[in-house]
Amino acid sequence: MSRSEDLFKAAQTHIPGGVNSPVRAFKGVGGTPVFFKKGQGAYLFDEDDNQYIDYVGSWGPMILGHAFPDVINAVRSVLDNGLGFGAPTEIETQMADKVCEMMPSIEMIRMVSSGTEATMSAIRLARGYTGRDKIVKFEGCYHGHSDSLLVKAGSGALTLGEPNSPGVPASIAEHTITLTFNDIDNVRQAFAEVGNEIACIIVEPVAGNMNCIPPKEGFLEGLREVCDEYGSVLIFDEVMTGFRVALGGAQAHYGIKPDLTTLGKVIGGGLPVGAFGGKREIMEHIAPLGPVYQAGTLSGNPLSMNAGLAMLNALTSTPGIHEGLAAKTEYLTEGLKAVATAKGIPFTTTAVGGMFGIFFTDQPEISSFAQTTACDTERFGQFFQGMLKEGVYLAPSAYETGFMSAAISEEDLDRTIEAAGRVFDTFAKK
Ligand code: PMP
């Protein structure tokens, strides 16, 4: 028995399912979750001392690889001063200034401790600001697990086949209108019916929780137009895309200015952080300036702020970082596709900046929830397991995006593509 198997067994005694977040349980791919003990650069090391090339990067924040020295040193430098005061610190202002500089649509920002808190708070703010209750989200997009947003959700909820969760009161879920991602006509139709009651649209500008689905041309522009027409707030959930698909996030990549943006993961450099921010006029409705209440004991804590700021500084001081990520991502997806095609495996990929999707399907292009859920998830599970044995760690679900890191070398990419070829060969024999 491997140490991971032993540890997983022990974990299940007092932890539901043995994990603290469902997708870690490998339900979508089968087998035993790998227990890790160390990350260094492009690699993860498990409790059995196996090494893996990591394409998850803690679900996004490790853009520069694991244990990135600037981030680790930033945390070390403040450790001896104490872990938190629940009171203002200078670093919070430095962090706010940095994010506003990198994402100019953000004029004011509030720090929280997770992506879930960020989106939940942004929704409350949009409702408080507009005086409306209804919100629009898209099927297969995931915005954390708050009540209003856990409706037809993606990510682990979709992997487990539970996109609507028991425990969310129908009286809350009824205010959430779920529409079809990449279908602007569907959005216009909903707004024509009840647009004046809709507080906001929340969207992942590149969907990363139903695998990776880029926006169709005109979709994000259409959302902007509809929100302007009906006085609704446009929220880009950039918890995944922020600082990953471009320095200024998906909003910079596609040139669309949302009213509010939610952030997470990256701005903690691996420590728990989230944030929401946007137009000053809207943000001024947040307490203590305004009546919409939102708070957090650990919000803006010194460790997370120092780690996050070091990460953002490293990103802005590394010229061409996002071009490099995009080039590596394309090299990988094109390489995988070429091998799959040569071996007669129906296979499609998507890629935006440092995010990518791999789909076992004969559909040439994937742009919708219906298409992604029609892909062969069983084959994905086989691929995942095969790659794991080859020392490549992919997201353990067919409904999660892949994450590229700057620490991954060309040699790592070649090793990954060669490994995929060997795994594809095992399919052919079946
Ligand atoms: N929004 C998006 C787009 C996400 O991908 C996630 C998490 N994967 C969240 C929100 C929730 O963030 P957290 O897990 O930090 O609560």
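Here is what the cut-offs are and how they apply
Residues numbered from 1 in each chain as written. Predicted model: local features only at pLDDT ≥ 70, side-chain atom pairs only at ≥ 80, totals over all residues. UniProt positions renumbered as here; feature names shortened; annotations may be inferred. Near = placed C-beta within 6 Å. Helix = DSSP H or I, 4+ residues; strand = E, 2+ residues; numbered from the N terminus. Nonpolar A, V, L, I, M, F, W, Y, C, P; charged D, E, K, R; others polar. Pairing = 2+ DSSP bridges. Domains from an automatic or database assignment. Contact = placed C-beta atoms within 7 Å. Axes fitted to C-alpha atoms, helices over the stretch in contact; angles between N-to-C directions. Left-handed = near helix turned anticlockwise from the far one by under 90°.

For the chain, the name recorded in an unreviewed UniProt entry is Glutamate-1-semialdehyde 2,1-aminomutase, with Neptunomonas qingdaonensis as its organism. UniProt lists a comment for the chain under the heading Catalytic activity (unreviewed entry), and it reads "(S)-4-amino-5-oxopentanoate = 5-aminolevulinate". In UniProt, the chain has this text filed under Subunit (unreviewed entry): "Homodimer."

By nearness alone, 17 residues border the ligand, and Ser114, Gly115, Thr116, Gly144 and Val239 come closest of all. Residue contributions to the shell around the ligand peak at three residues, all from helix α4 (residues 115-130). Residues belonging to the shell around the ligand are distributed by class as follows: four nonpolar, eleven polar and two charged.

With mixed pairing, four strands are arranged side by side in an open sheet as β1-β2-β3-β13. Strand pairing shows two members of the sheet lacking a second neighbour, β1 (36-40) and β13 (392-393), which therefore form its edges. Pairing between strand β3 (residues 51-54) and β13: two bridges, direction parallel. Bridge assignment links Asp54 to a residue of β13, and that residue is Tyr393.

Under the domain assignment used here, the chain contains domain 1 (3-64 + 320-428) and domain 2 (70-316). Computed over C-alpha atoms only, the centres of domain 1 and domain 2 are separated by 25 Å. Taken together, the contact pairs 33 residues of domain 1 with 33 residues of domain 2. Looking at the side of domain 1 that touches domain 2, the elements that each hand over two or more residues are α12 (321-342), β11 (348-352), β12 (355-359) and α13 (369-373). Tallying contributions element by element places β12 first for the side of domain 1 that touches domain 2, with four residues.

At a minimum axis separation of 10 Å, helix α3 (residues 90-102) and helix α11 (residues 302-316) run at an interaxial angle of 35°. With respect to the hand of their crossing, α3 and α11 are arranged in left-handed fashion. Residues Ile91, Glu92, Gln94, Met95, Lys98 and Met102 of α3 form the contact with α11, whose participating residues are Pro302, Met305, Asn306, Gly308, Leu309, Leu312 and Thr316. For the contact of α3 with α11, the residue count by class is seven nonpolar, four polar and two charged.

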